[in-house]
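# Survey of secondary and tertiary structure
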Amino acid sequence: MKTTPWEEAHEQALAAMTPEGRAKYEAASIEAEARLQLAELVYDARIDAGLSQTELAQRAGTRQTVISAIENGAQAPGWVMLSRIAHAVGGKLSIDKATPPA
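Residues numbered from 1 in each chain as written. Predicted model: local features only at pLDDT ≥ 70, side-chain atom pairs only at ≥ 80, totals over all residues. Heavy atoms only, no water.

### A look at the environment of Thr-65
Position of Thr-65 among the secondary structure elements: in helix α4 (residues 64-71). A C-alpha to C-alpha distance of 16 Å links Thr-65 and Leu-38, two positions 27 residues apart in sequence. (Helix = DSSP H or I, 4+ residues; strand = E, 2+ residues; numbered from the N terminus.)

So this is what it looks like as structure tokens:
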């Protein structure tokens, strides 16, 4: 039985997509990457602050299940929730515009 390397199968699938399908795929990929980055950011901030999920939730005025969902990427927090979490760990939230590489 012949197996196909992931990269090759992925490229074949992308090539077979319609432009509309490819656009939807790209948008979903961007969202998934953002969820994972936010999950890591919240997790790292919580751990650095020495807090449990329950403690962070109490400080941020939410439930532990919300923090868990954010940290596992199931929920993408909005600006207000991210600000509350940042404040709860003793920080502040800011967004910087990244300059594309030349």
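### Points about a nonpolar patch on the surface
A surface patch of nonpolar side chains, amounting to about 360 Å² of accessible area, comprises Trp-79, Val-80 and Ile-95. As for its placement among the helices and strands, Ile-95 is situated in the segment after α5 (79-88). Here Ile-95 falls in the exposed class, since its relative accessible area comes to 64%. (Patch = residues over 30% accessible without salt bridge, like charges linked within 9 Å, V, L, I, M, F, W, Y side chains within 5 Å. Areas by Shrake-Rupley, 256 points an atom, 1.4 Å probe, with all protein chains shown as cover. Salt bridge = Lys/Arg side-chain N within 4 Å of Asp/Glu carboxyl O. Buried < 20%, exposed > 50% of the residue type's maximum accessible area, 1.4 Å probe, protein only.)

### Description of the nonpolar core
Core analysis: the biggest nonpolar cluster contains 13 residues, and Val-42, Leu-56, Ile-67, Ile-70, Met-81 and Ile-85 have the highest contact counts within it. Sorting the residues of this core by element identifies α2 (19-48), α3 (53-60), α4 and α5 as the ones contributing at least two each. By residue number, the principal contributor to this core is α5, which donates four residues. Sequence-distant contacts of Val-42, defined by excluding residues within four places in its chain, comprise Leu-56, Ile-70, Glu-71, Leu-82 and Ile-85. (Core = buried A, V, L, I, M, F, W, Y, C linked by side-chain atoms within 4.5 Å. Contact = heavy atoms within 4.5 Å.)

### Focus: α2
One turn of the α-helix equals 3.6 residues, which is why residues spaced by three or four share an orientation. In this model, α2 (30 residues) spans 43 Å end to end at C-alpha, consistent with the 44 Å of a helix rising 1.5 Å per residue. Listed as buried for α2 are Leu-38, Ala-39, Val-42 and Arg-46. In this fold, the buried residues of α2 make contact with α3, α4 and α5. Looking one or two residues beyond α2, the residue adopting positive phi is Gly-50, at roughly 70 degrees. (Expected span 1.5 Å × (residues − 1).)

### As for the side chain of Glu-71
Within the secondary structure layout, Glu-71 lies in helix α4. Separated by 2.6 Å, the side chains of Glu-71 and Arg-46 make a polar contact. Polar side-chain contacts of Glu-71 include one of 2.8 Å to the side chain of Gln-53. Not counting residues within four places of it along the chain, the set of residues in contact with Glu-71 comprises Ala-39, Val-42, Tyr-43, Arg-46 and Gln-53. (Polar contact = N/O pair within 3.5 Å; in protein donor to acceptor, adjacent residues only side chain to side chain.)

### Concerning the pattern of salt bridges
All chains considered together, the criterion is met by four salt bridges. Here Glu-31 ties to Arg-35 by a salt bridge, and the two come within 2.8 Å at their closest N and O atoms. In this pair, Glu-31 and Arg-35 are both assigned in helix α2, four residues apart and thus about one turn of the helix distant. Among the residues examined, Arg-35 registers a relative accessible area of 22% and is labelled partly exposed.

### Let's talk about the packing of α3 against α5
Packing of α3 against α5 leaves a shortest axis separation of 8 Å and a crossing angle of 110 degrees. Taken as axis vectors, α3 and α5 run roughly perpendicular relative to one another. Crossing hand, α3 versus α5: right-handed. Two secondary-structure elements touch here, α3 through Leu-56, Arg-59 and Ala-60 and α5 through Arg-84, Ile-85 and Ala-88. (Axes fitted to C-alpha atoms, helices over the stretch in contact; angles between N-to-C directions. Parallel < 35°, antiparallel > 145°, perpendicular 65-115°, else oblique. Left-handed = near helix turned anticlockwise from the far one by under 90°.)

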